[in-house]
Structures are given as structure tokens and as C-alpha cells.
Amino acid sequence: MKNLQIGRVKTFEETKLAGCDLFAVHPILETIAVSTQNELILLENKVVSSTINWSNERHGVQVISLAFRTDGDQIVAILADGRALVIEDGSVMELEVAEIANSTVTAAEWTGDEQTLALADNETLYLADSSLVPFVVRPLNFAESDRKSVPVNVGWGSESTQFRGSAGKLKPGEKIEKEREDVEQVSKQTSVHWRWDGEIVAVSHYSEQSKIRNLTIFDKNGEILNNMNIRNIYLSHCFAHKPNANLLCSAVLEQGSDDRIVFYERNGETRNSYVVKWPTTQNENKRVIDKIEWNSTGNILAMLTVSENSRRLEFWHLSNYEFTRKLCWRFPESESSVIWKWSTVDSQNLEVLLGSGQFFSVHINPVSSFSDAISQNVVVATDELRMYSLCRRVVPPPMCDHSIRCLSDIVAYTTSPRHVHVITEDWKIISFSQDSDDYKFDSEHASIDEVLHEEVTDGIICGFVYDEPTESFIIWVASHGKHIICRVGANFEKLMEGDNIGWMGVNPQNSHIEVAFNDGKFLDLTTKEEIFKIEEFGSVEVHFIQNRHVILADNSTIFIGSSKVSQDAASIMTRGNDILLIDFDNKLRFVDVESGKTLEDIRDVEAGSELVACDSGSANVILQAARGNLETIQPRRYVMAQTREYLDKKQYIQSFKWMKKHRVDMSYAMKYKGEELENDMEIWLASTNDSQLLEQLLVSCTEVFELEGSSLCLSVARFISDIEDVERKTKMFPLLLTALLRLKPSKINECLKEVQEHVEKVVDRKDVFTRHSLHHISFFVPAKELFNCALSTYDLKLAQQVAEASNYDPKEYLPVLNKLNRIGCTLERQYRINVVRDAWIDAIRSLLVLDSSEDRGSEEAWWNDIKDIIQREGLHQKALTLVNPGDKRYKECCELYAIELERKVHWREAALFFELSGNTEKTLKCWEMSRDVDGLAASARRLAVDSGKLKIHAIKMSTTLREARQPKELAKALKLAGSSRNQIVQVLCDAFEWTEASREVEVGKEESLKIAAVSRNEQILVDLERRQTEFEKYKKRLIVVRENKLKRVEQFAAGEVDDLRDDISVISSISSRSGSSKVSMASTVRRKKQIEKKKSSLKEGGEYEDSALLNVLAENYKWLENIGNELSQLIPLLMTTGHFTEALKIKSVYDEFVLKLQKSKASIWPENLSIQQLPGPLYALFDPNQEPSPIPMPPIFRLEPELVAPSGSFPSVFL
């Protein structure tokens, strides 16, 4: 799927070179040496630098090889008589290499490393070293016994060992005979060629005795390997080795026909996998192949053909196992000779020297065949154009959609909208128009637009475009040392003349002709203005995107305008605003033409793949693999773009099918369209009956968007339910079921109801419809759940159908259904069905209806069943929701729930439900057990309980509360039990509830209250003084501990100690690790318990002493806060009883302690922690190996509880 494009053409004309016979180019200095009959001419920078007269040494003998010695300054010319002329510093030295019998047929060639020279006539092969001293002399006519014995491999062994299909192998001694034809040799010239690695040399020579040309293979030591003409094939004199392959390409003579080429393996067997595309029409004059040669990479085969006085160079390319001619360079008949060869430096460069003195260095590069103008691939195949619309239909080459027969060899072609224009070998421009279907081109009604001017036909046509505004053709031609761009036609016009043109094309945005020069400059030929400039190039491939140039240079660099965006592109293609490229890592990447940045979409492709075609109208991108096959891919970004396009146009069904085909989650439709998808529901529901497609949509939407998907399902279900056309609703019924089942929660019962209702409307095959519908539901609902839902309808026939559709085991459901069918009472049958379903709430509801029915009689059987279900299934609370306060079984249900709560020791709740059930004794007992005096009193008032009975329960409760040490509640119980006030006051004093005690004391009996208050005051004063002393002691010790820790850290930072552990810490850590496992969970728990124990120890020098000190200091804050709350009641009592002095003193001591704690808080628990203020041992806090800080900080810091400061606010005590 490639064509060949001419890029850089270096050319000049020098009259001194006229009549030349050979030339050579220095691979480094680019000096050109040209041999003429009398002189050796050297050219540098297109100018003759020196001439060397060698007429006396040459003696008119033909030069058969001319080469530079790159390891020195020598030029070596091999003459046909076996002599060599060595030219160095202007002097000519003559050497005798071999004695040649017939100098008219001699040939010579050096190996690529210039170490071995092969020289041969039609009888003998000479191999000489780099000093031109022969070391092998081998006759070309040999016996079979002279052949070297080599291992036999497929395609390389002796011909007698090769498999030949039905003929089998030859028997030993058997010869292959072929009827001889009288085919005249055009040339008896001997040809010699080395293989690319210099290991094998092949000699094609004509035997005067047998009148047959043979092709003999020798190794580098002159040993005979094989003779290629065992079958008497009539070879021509020219052949070539294919680089990097064990193939030979040779010209073949045929009687009464043009010469052909054929590919051989070394044993003479043809490679049937290669097909050569020859012209379909036979020329009047026989065409003779004069020379063939591969470029160094083996992808282009060039051959020189001669027909009468006409010569031309043809360039052939292998694609899909077929060789086709891609380019043709026809020379004027006035040219006496054409000397050419491929460059040894650049594999894409062909060097040509004409007999008139014109020299060309032509860069030929394989390029993509995709035409943006017609969105088709146009492949040149000798004398036809093969057209491929790959994005429409993928047709593997060499087949094609259709072909355009040109009836003559193609020199160049170009495309314009709806047209293809071709320059043929007879110098005519032919145009082919596209048919009305915008697909095929009409090759039967071609128009001959122009006959080319002589000035154009004298050179090589490098570029060819159609100028639509002027309806004329523009041709770029290189001739006579210059580049010419001209307009052809009746009025021939030169538009430009210059050097180093590398590309010409048409900008589709403004229809201007643009030209690029090899130095990187792009020029608008219409306005004569420079557009931009890039790096120097040999050849380029140019695409246009929104007035932007996308350029792929021959060094694999991509430019957008003058900006370089990539340097590793093997092939590119454009689509919309994207540049598609395959890089050297075999990744398909996308570059945004606006930003020049590579997008995230990256895809792996097969190694060696190239982009062939892509179309903005579809998501298809066509690749051609290295072996020639075509592969169509749909990159995700283009699939999604096509999806959005369908959705924007509201072509919903097309978009759903497209997403299904390319495995796009259909929830994308909801993500992209949002509520609009639901609003347009009637559009896409009315345009298709494909229920399965829409089901997939609903399933995908509900999986990703639960709320929006449920809303869509509900709308779809309503729409289908309202369809009056029975036939259409039947077709869409599976979609209705899916919509109901995908709701949250699923409406299974409603699905079954829809099935029951619609089956009555179906005319034919109702059982089939029911079975299919139930089978559909079973895909979404488990069989057991669906069977239970069918039973919930109490339609046993439907339940049986559901079981059959769900493939339920008949042994499981048939006995159950038969048993239920035998129950006559409808209410009882419903109850039994609910039992089968394990629907216990429904069962209780049915039993309650049965229990309240008129025909139940006086038996309590149904109520007993209700109690059993409630107690067995634990449905006490839910059963209460089924009855109302006025119902018959309301109190019984409350009592059942109260008994369950009593069992679970929920006394308060049990008391409330016993009260609802009317059980007074149980109610009072539960309140008594709950120790809630207020609840007991309130319930007793509601139930109108006798005061004597209430007093008994209060006395019992007071005993329990006294044992539980709840003095406040005890006082309430004593008051409810009618106890004396003195007893109540004493209880309140013990609870330090001084305000309540002062309220309960009787007037004139305050003495006991005074004594209790004074005693408590004295106790608090003692505690305050003691705690103040302890607080100061622990505070000072904390300061010492922190100073010691800071000193230890400073010593470690200064290098005075090697470890952050002190002596006590080392001993403690060793003892804590002894006998414990580092990986044991029990060890970890034990270690944590040990640490917590140490945090409660105030032992001086302990590892966690500072943690213990912080805890005990924090406890003083909490204690003082509680004391403040008590003093706020005690001090007013002291004041009212006349103890002013005691009240003032305790307030003063309290305020003093409060002030001290508030002032000390900031130093004990600072807001900004320093190293010494972190609690715990230093070795547990820091990593000593941490760099670069000399004082290593902990990587993770844990906020210990002791670091949290207590509240600094205390209750205010007023007099």
C-alpha cells in the first residue's frame, strides 16, 4: 500500500563529462570521479577540481570498475584486459591483476568492505585482495564433482535433493532435460556481484560451447557452491543480490517477449511467493533489461531497460508479495548512455550520470498512498492505479475495490476533488472522473487533457499537481542542472526556477500551490511569500489540518508548521484535529494539532505496522502489518466521538447499537445526555422494537447511576404499560419487565401482576407468552425468591408456572402446591401460603383476621399460633404494628412484648408495656427493679395504685438503693415511702447534696445539718492543703525530669554519648524484652500493659516518670473542679447557719489553689512542645539514624493522653 515519492534531487550539468563511461562517489568527501576515454575527472561541489590524463596508461581499454579507496587517497580503475590503474596524487600507476582471454565480456566488483576484488571473463574467476594480488583463480566451467559439499537446507541444498511436488526428488544420476528453444542472447557480457555481507559472489557468464548462460555461486574463498542453470533457464546477463536475504533477482530472456525478472534462491528454485506485476499491454518494440540493482535496504529494485533508442529507469517496490512498478524515468532519445547506481551512504539515494554530462542524485522514499482529496488509497501498480476505499470496505491487496487502466506505464499521478490525473510514459496527461456515487472512477471515459512540452520531458518529473483555480497542471521537473516548476498546456509558463526543491503540493484551504526546499523553507508559489521554515530534509510527507501543515520528514521527525512535536514517527495520518502516528516502540499515539501535545490515548500495535487510511466519517483506522495484511481498528477516542455524534443528532438507536458493537458501556448515554435521555424516551422507544437492545441500556444505566437509572426505568415502565396496541406491547413486554425489576427496590410482584393482566389480552399462545415472561423474570430474580413472590399473589396456578419457568425441582414445589390446594378456607390457605413463604408478618396478619372472624368459635387455636410465631421468630415489636389499641388482641401483644423486655432486663421499657397490657403488679415490680423512683410514682398515679401498696414497693426500692449507694435516689424513695425528714436529710448530707438537704430539713431541727456541713468543711480544708503541697512537689519534679531529658539530647547531638538511653532505661528495656517474642501478639499486648503500669508509677528515674507526673497533676485539676461544684452548695449553707469565718476561710483557700493551677497550666502543658516536653523514654521517641539533623526527630508522633491539658475553668464560689 505504498507508493514511491521523489524528494531531494541534486543535479548539475558539466559538458566535460560528456561521453563518460563510469563514475564513483567518495562516501565521505562526496567527491565525484568520472572516467572518460582520455581523462579521469574529479569534481567537488559540482565543479571540476582536477583532471588526470590517463590515455597512455588506459590504451583505449574499457573501464569496468571505478572505486575510491576510503582507507587512503587512491582511486582504483579496473580495466577489461585485467589491468588496474591506481590513481594517487595525480599520478597513475599500472598493475597487472589477471590475464584476460576475452576483454569484451569482462566484469569486476569490490566487496562492500573493499577487501576483495572479483574479476571474471566468460571462462575464469579471479579473486584478489586489497593489494590487487590474486589469491584464487577458478574456472567457470566445472564438473559436478568440483562442487563444494555443503549442508543441505531447505532452499539452499543441491537441486537433486529439493522437493518438487508431484515429481518428487530426482534420482541419483538423473538429469533434467528441457526442450531447447532458440533464444538469442542480447549480451554476452559477464556479470559479477557480491552478496551484501561479502561471503558469496555470483558470476553470470555465457558459454560459447553450450550457447547457454550460467549463473554460478562461489564462496569468498572461490569454492563452487552451485550452478543456477541446471534446468537450462535462459538467463540474461544482469542480476542482483537482495540485501539481507538469500535471494537473487535475475533478468530472464523469453522468445518474442520483453525481458522478465524472476527471483531465485541460491539453488535455482524460484520463490513462488513473489509475483511480478508486468504491463498488461505488450510494447511494439522489445524491451531489454540492461541492469538491475537493489538499494541497500532491499525495499526498492531499480532497473534500466532499453527499447530501440529509448532508455528508462524503473523503480519497483514489494508490497503484499507482489512486485509493482511505482516510478518510471524515461530519458530522451538523445542520451547516448545512462550510468547509475545506488548510493552506498544513503539507501534512498540513486546516483545517475547521463552521457550528455548531466548528474543526478535522487532521493526516493516510500510514502503513504492515502489521498486526502478523495479519501481513498491510490496505489500505483505498473500501468494501472488500484483504488481502495478502505474505510468503506477493507479489501486486501493485491485485490482492490476497482482499478483504473491507464494503457501505458505511469510516470506520475495526482488527485483533486473527484478526479485522478495521470502522466503516462507517452507524455500525456489523462484525467479520470469519479462516478456519481463518490466511489468509483470511470476508466472507460478518460479525457486526455495535455501533451507535455519538450522542456518537461527532457528531465525527471519530481512533482505533479492540479491547480484548480486556473484549471491547469503544475509540474516540477529537474533537468540540465536546475529545478523548474512550470504550468503546462497550450500556454507553457515557467513559474519558478531554482535549486534544491524537495516537495510541491496544493494547500486545500486556499488552493495555493506550495513548494518546500531541502533547506526546510516552505514557500507559497502563488504569493511568493515564505510561510515558515523547518529543519533540512531529504523528503517530506505533508498533510493539512485547518490551515496547519503537518509534516513528516525522512528522519522520522514530525513538525506542525515550524514546531517540532515528535522525533520517532514511523508513519502518520491525520483525522480532524488529530495526528495519528506509530512510533518506534510500536505504539499508536495521537497528537493534538492545536497544542502539539500527545494525548493520553495510546494503543499497542503489531511490530512493523504502518498507518494506511483513516476517515473522519467513521471510527475506522486501517493498519498494514509488516507481512502485508490489513487490519482495521477503532481507537476508543473515535468510537466515543461517533457515539457523541449519534447522541447529538438524537439518533439514539444507532448510538445504542454502536455502543453495543464496540463494547461501550451504555450508561455513557445517560452520562452524556443526562435528563435529556429520559425526556427523549418516547423518541427511542417509538423507533424500535428491539427490546433486548433497550434492556441492555436500562441495566447499564441502573448499575452506574442508581437514582437516575431508576427514574428512567420507571418512565419506561409507565410508557409501555400505557401502550394500547397489544401486539406492540407484547414485543416490548420483556423491556417492561426489565424496567420494573431494575427499579430500587425491584417490583417483582408488580411484574407478576403485569403478566397476569396482559396474558388475558393475548389472543394466541397464552401459555407460551406466560412461560417466556416468567423465564425472563427468572434471569433477574433467584428462583426461590421468585417462587415466594408468586405465592404472595395467592394464585397457586401462577406459582406453578413460575416454578416451571425457573426450572425449579418439581419434587420440591408440587407437594407443597397440592397440599395448599386441598385447603378449603381462603383465609387459612393464605395463612398456610405465608408460612411456606416464611413471610411471618403476613402470616400473623392472616391469623389475626382468622382469630377475629365470626366462624372461629371459642377456640384459642389461632391465637396460640400467633404467640408461637411471635416468640419463635422474635417478632414482638413488629406484631404490635399489626394491632391498634382498640383491637381484641392489643393487650395480649403488649404483654408478650413486655415479657420479652423483662427477660432481657430492660426494666423501664417492660414496665411501660406491662402498664399498656393492664398488668399492675408486673408494672410496679419492673419499676422497682429499674430503681427509677420517679417512674414508679408516675405509673402509680396513672394506674391509681393504692398508697399502701406503693409504700411497700418504695420501701423495697430504698433498700436496694442504699445497697447500690445512690443516696439521691434513696432520698426520693424514702420520701415516697413516708420516712422521717431527719432520715432523708442525713441521706442527702451523705450524698453532699447540701441544697436539697437544706430544703428538706425541718424548722428548728437544723443542728444535725450544721454539724454535717462543718465536718465536711474541715475535711475539704485538709484535702486542699494536702493537694497544694503535693502539686508543688510533682510540678518541681517534672521540671527536673524535663531538664535531664534535654541535657541527654544535647549530649547525643554533641557526640558525647552514643545512645539516647540512660542507664536505667537500658536496664529496663533489657528486662522488658527478656523472654518475649518480637512477633507474638501476646508479647505486644503484654508490652502495652507494662507501659500503662509504668505510667502510673511515680518512681524517680523511671522510663515513664514524666507521663506519671502529668497524669497525677491532671488529676488535681479534675478533683478541684468537683470540689468547686460542691462548695457552691456548701458555702451558702455555712453562711445561713452562722459559720461566716469557716466559709470565708475555705473560699480563700479554694481561690488560692484555683489561681495556682491556672498559672501552672501553661508551663505543664505548653502549646508549642519542645523536645524535653515529649513524654516517655527518648529511645522510644527518636530514630538516632535519621539524617541530616543532629537531633533526630520522630518520623511519626503519637499524641499520648497525658499530653492533653485538662480544663482550666473552675466553678466560681460566691458568698
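Refer to the structure printed above.
Okay, so let's go over this structure. (Residues numbered from 1 in each chain as written. Predicted model: local features only at pLDDT ≥ 70, side-chain atom pairs only at ≥ 80, totals over all residues. Heavy atoms only, no water.)

### Section: the environment of arginine 8
With respect to the helices and strands, arginine 8 occurs in strand S1 (residues 2-13). Classification of arginine 8 as buried rests on a relative accessible area of 13%. Separated by 509 residues in the primary sequence, arginine 8 and phenylalanine 517 have C-alpha atoms spaced 8.4 Å apart. Among residues more than four places away in sequence, those in contact with arginine 8 are Asp346, Asn349, Ser361, Val362, His363, Ile501, Asn518, Phe537 and Gly538. (Helix = DSSP H or I, 4+ residues; strand = E, 2+ residues; numbered from the N terminus. Buried < 20%, exposed > 50% of the residue type's maximum accessible area, 1.4 Å probe, protein only. Contact = heavy atoms within 4.5 Å.)

### Here's the deal with the pairing of strand S32 (residues 402-405)
Alternating residues of S32 divide into His402 and Ile404, all buried, and Ser403 and Arg405, none buried. Of the strand pairs in this sheet, strand S31 (residues 384-388) and S32 are connected by 4 bridges, and their pairing is antiparallel. Considered in S32, the bridge of leucine 385 is made with isoleucine 404. (Pairing = 2+ DSSP bridges.)

### Things to note about the packing of aromatic side chains
Aromatic rings in a pair are described by how distant their centres are and how their planes are angled relative to each other. All chains considered together, the criterion is met by 23 aromatic pairs. Above the plane of the ring of tryptophan 110 lies arginine 69, whose end atom (NZ or CZ) is 5.3 Å from the centre. (Phe/Tyr/Trp six-rings, centres within 6.5 Å; stacked < 30°, edge-to-face > 60°. Lys NZ or Arg CZ within 6 Å of the ring centre and 35° of its normal.)

### Side note on the pattern of salt bridges
Under the criterion given, the structure shown has 55 salt bridges. The partner of arginine 832 in a salt bridge is glutamate 828, and the shortest N-O contact between them spans 3.7 Å. Here the residue arginine 832 and the residue glutamate 828 both occupy positions in helix H17 (residues 826-837), the gap between them amounting to 4 residues, near one helical turn. Among the residues examined, glutamate 828 registers a relative accessible area of 23% and is labelled partly exposed. Put simply, Arg287, Arg312, Glu314, Arg325, Asp409 and Glu425 are held in one network by salt bridges that share partners. (Salt bridge = Lys/Arg side-chain N within 4 Å of Asp/Glu carboxyl O.)

### Re the pairing of strand S35 (residues 428-433)
Across 5 bridges, strand S34 (residues 419-424) lies against S35 in antiparallel orientation. Following the sheet pairing, valine 422 is matched in S35 by isoleucine 430. Counted along the chain from S34 to the antiparallel partner S35, the turn is 3 residues long, and its residue tryptophan 427 has a positive phi close to 60°. Pairing geometry for S35 and strand S36 (residues 447-451), over 4 bridges, is antiparallel. Within the sheet, the bridge partner assigned to isoleucine 429 lies in S36 and is glutamate 450.

### Let's talk about the side chain of aspartate 592
One can find aspartate 592 in strand S51 (residues 587-592). There is no salt bridge for the buried aspartate 592, and the closest opposite charge comes from arginine 637, which lies 6.2 Å off by N-O distance. Here serine 595 takes part through its backbone nitrogen, which lies 2.9 Å from a polar atom of the side chain of aspartate 592. The residues touching aspartate 592, leaving out its near neighbours within four places in the chain, are Ile560, Asn577, Lys597 and Leu599. (Lys, Arg positive; Asp, Glu negative; His and termini not counted. Polar contact = N/O pair within 3.5 Å; in protein donor to acceptor, adjacent residues only side chain to side chain.)

### So, the sheet that holds strand S11 (residues 116-120)
Taken together, 4 strands build an open sheet; the order of strands is S10-S11-S12-S13 and the sheet is antiparallel. The strands lining the two open edges of the sheet, one partner per strand, are strand S10 (107-110) and strand S13 (134-139). Along the sheet, successive strands turn relative to each other by an average axial angle of 15°, direction set aside. Sheet topology note: the S11/strand S12 (residues 124-129) ladder contains 5 bridges and is antiparallel. Across the sheet, residue threonine 116 finds its bridge partner in S12, namely aspartate 129. (Axes fitted to C-alpha atoms, helices over the stretch in contact; angles between N-to-C directions.)

### What to know about unusual backbone geometry
Put simply, lysine 744 and proline 745 share a cis peptide bond, and its omega is 0°. Unusually for a residue other than glycine, glutamate 471 sits at a positive phi of about 50°. Structurally, glutamate 471 can be placed in the loop between strand S37 (460-467) and strand S38 (472-479).

### Observations concerning the nonpolar core
Judged by nonpolar contacts, the single largest core of 87 residues is most densely connected at Phe656, Trp684, Val716, Leu752 and Ile777. The element that contributes the greatest number of residues to this core is helix H11 (residues 733-741), accounting for 7 residues. In contact with leucine 752, other than residues within four places in its own chain, are Leu774, Ile777, Leu786, Cys789, Ala790, Leu798 and Val802. Core analysis: the next-biggest nonpolar cluster, separate from the first, contains 81 residues, Ala843, Trp927, Leu1109 and Val1154 among them. (Core = buried A, V, L, I, M, F, W, Y, C linked by side-chain atoms within 4.5 Å.)

### Some thoughts on the packing of helix H22 (residues 907-917) against helix H23 (residues 920-930)
Taken N-terminus to C-terminus, the directions of H22 and H23 make an angle of 165°; their axes are 8 Å apart at the nearest point. With respect to H23, the element H22 is oriented roughly antiparallel. Seen along the crossing, H22 lies across H23 with a hand that is left-handed. Each of Trp907, Arg908, Ala910, Ala911, Leu912, Phe914 and Glu915 in H22 lies in contact with H23, whose residues at this interface are Lys922, Thr923, Cys926, Trp927, Met929 and Ser930. Of the residues assigned to the contact of H22 with H23, the class counts are 8 nonpolar, 2 polar and 3 charged. (Parallel < 35°, antiparallel > 145°, perpendicular 65-115°, else oblique. Left-handed = near helix turned anticlockwise from the far one by under 90°. Nonpolar A, V, L, I, M, F, W, Y, C, P; charged D, E, K, R; others polar.)

### As for the packing of helix H3 (residues 636-648) against helix H4 (residues 652-661)
Each packed pair of helices is defined by two parameters, the angle between the axes and the distance between the axes. Look at H3 against H4: their axes get within 8 Å of each other, and the N-to-C directions meet at 160°. The angle between H3 and H4 falls in the class roughly antiparallel. Crossing geometry of H3 relative to H4 is assigned as left-handed. Side by side, H3 and H4 meet where Val639, Gln642, Thr643, Tyr646 and Leu647 of the first sit next to Tyr652, Gln654, Ser655, Trp658 and Met659 of the second. Partitioned by chemical class, the residues of the contact of H3 with H4 number 6 nonpolar, 4 polar and no charged.

### Some remarks on helix H14 (residues 783-792)
Residues lying three or four places apart along an α-helix face the same way, a consequence of the helix completing one turn every 3.6 residues. Burial of H14 is extensive: 7 of the 10 residues sit out of reach of the surface. Looking at the packing, one finds that the buried side of H14 touches helix H12 (748-759), helix H13 (766-780), helix H15 (796-805), helix H16 (810-821) and H17. Phi for tyrosine 794, located one or two positions after H14, is positive at around 60°.

By themselves, these figures tell us nothing about what the structure is for.
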